[in-house]
Amino acid sequence: MTFDEYQEKSRETAVYPDLGSNFVYPTLGLVGEAGEVAEKIKKVMRDNGGELDEERKEALAKELGDVLWYLAQLATELKVSLNDVADINIKKLQDRYQRDAIKGSGDDR
């Protein structure tokens, strides 16, 4: 499945206020789900000495799916293709890598 196919299929399950003109809702959902991923990683560190077992990996994969869903909805609200987002990101990272600028901070490095 391509990112664009996922974006289209996931949209069929989107139910939230002002669907089609509400970029705030999926943004907040994205941040919330990313926080849930961080919480699960934190608990791996705290409760399992940093070791990921299959149960925790499965739980993380489900949370990552929720992150992906909200990302797809945000992209749709912004009328941006996830395939394009992925392509732009890879080109940016490859350019930074080739210029030995992958480390550091700032969007325009």
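Before reading further, recall that the structure is shown in the block above.
Let us look at the structure shown here. Bear in mind the structure is a predicted one, so any value in this text is a computation, not a measurement. (Residues numbered from 1 in each chain as written. Predicted model: local features only at pLDDT ≥ 70, side-chain atom pairs only at ≥ 80, totals over all residues. Heavy atoms only, no water.)

Observations concerning the overall build of the protein
What the protein contains, in helices and strands, is four helices and zero strands. Starting at the N terminus, the α and β elements of the protein follow one another as α-α-α-α. Here the C-alpha atoms of the protein give a radius of gyration of 17 Å, more than 25% beyond the 13 Å that 2.2 N^0.38 yields for 109 residues. Counting only C-alpha atoms and orienting by the principal axes, one finds that the protein spans roughly 45 × 40 × 25 Å. Taken across its 109 residues, the protein has 25% of its residues classed as buried. A separation threshold of at least 6 residues defines the contact pool for the protein, and within that pool the share at least 24 residues apart is 64%. Per element, the accessible surface of the protein, about 7900 Å² overall, is 56% carbon and sulfur. Side chains of the protein carry 16 positive and 23 negative charges; the gap between the two charge centres is 4 Å. (Helix = DSSP H or I, 4+ residues; strand = E, 2+ residues; numbered from the N terminus. Rg over C-alpha atoms; globule rule 2.2 N^0.38 Å. Buried < 20%, exposed > 50% of the residue type's maximum accessible area, 1.4 Å probe, protein only. Contact = heavy atoms within 4.5 Å. Areas by Shrake-Rupley, 256 points an atom, 1.4 Å probe, with all protein chains shown as cover. Lys, Arg positive; Asp, Glu negative; His and termini not counted. Charge placed at Lys NZ, Arg CZ, Asp CG, Glu CD.)

Some remarks on the packing of aromatic side chains
Counted according to the given criterion, the structure contains three aromatic pairs. Each ring, one from Tyr16 and one from Tyr25, has its centre 4.7 Å from the other, and the planes form 15°; the classification is stacked. Judged by relative accessible area, Tyr25 falls into the partly exposed class, the value being 34%. Ring-pair connections join several aromatic residues into one group, and the members of that group are Tyr16, Tyr25, Trp69 and Tyr70. (Phe/Tyr/Trp six-rings, centres within 6.5 Å; stacked < 30°, edge-to-face > 60°.)

Looking at the nonpolar core
In terms of nonpolar packing, the biggest core is built from 13 residues, with Leu30 and Trp69 touching the most fellow members. At the level of secondary structure, the elements contributing two or more residues to this core comprise helix H2 (24-48) and helix H3 (54-77). The leading source of residues in this core is H3, at seven residues. Here Trp69 is in contact with Tyr6, Ser10, Thr13, Ala14 and Tyr16, once residues within four sequence places are set aside. (Core = buried A, V, L, I, M, F, W, Y, C linked by side-chain atoms within 4.5 Å.)

A word on the packing of helix H1 (residues 3-11) against H3
Where H1 meets H3, the closest approach of the two axes is 9 Å, and the angle between their N-to-C directions is 90°. In terms of orientation, H1 lies roughly perpendicular with respect to H3. Of the residues in H3, those touching H1 at Tyr6, Gln7, Ser10 and Arg11 are Gly65, Leu68, Trp69, Ala72, Gln73, Ala75, Thr76 and Glu77. When its residues are assigned to classes, the contact of H1 with H3 shows five nonpolar, five polar and two charged. (Axes fitted to C-alpha atoms, helices over the stretch in contact; angles between N-to-C directions. Parallel < 35°, antiparallel > 145°, perpendicular 65-115°, else oblique. Nonpolar A, V, L, I, M, F, W, Y, C, P; charged D, E, K, R; others polar.)

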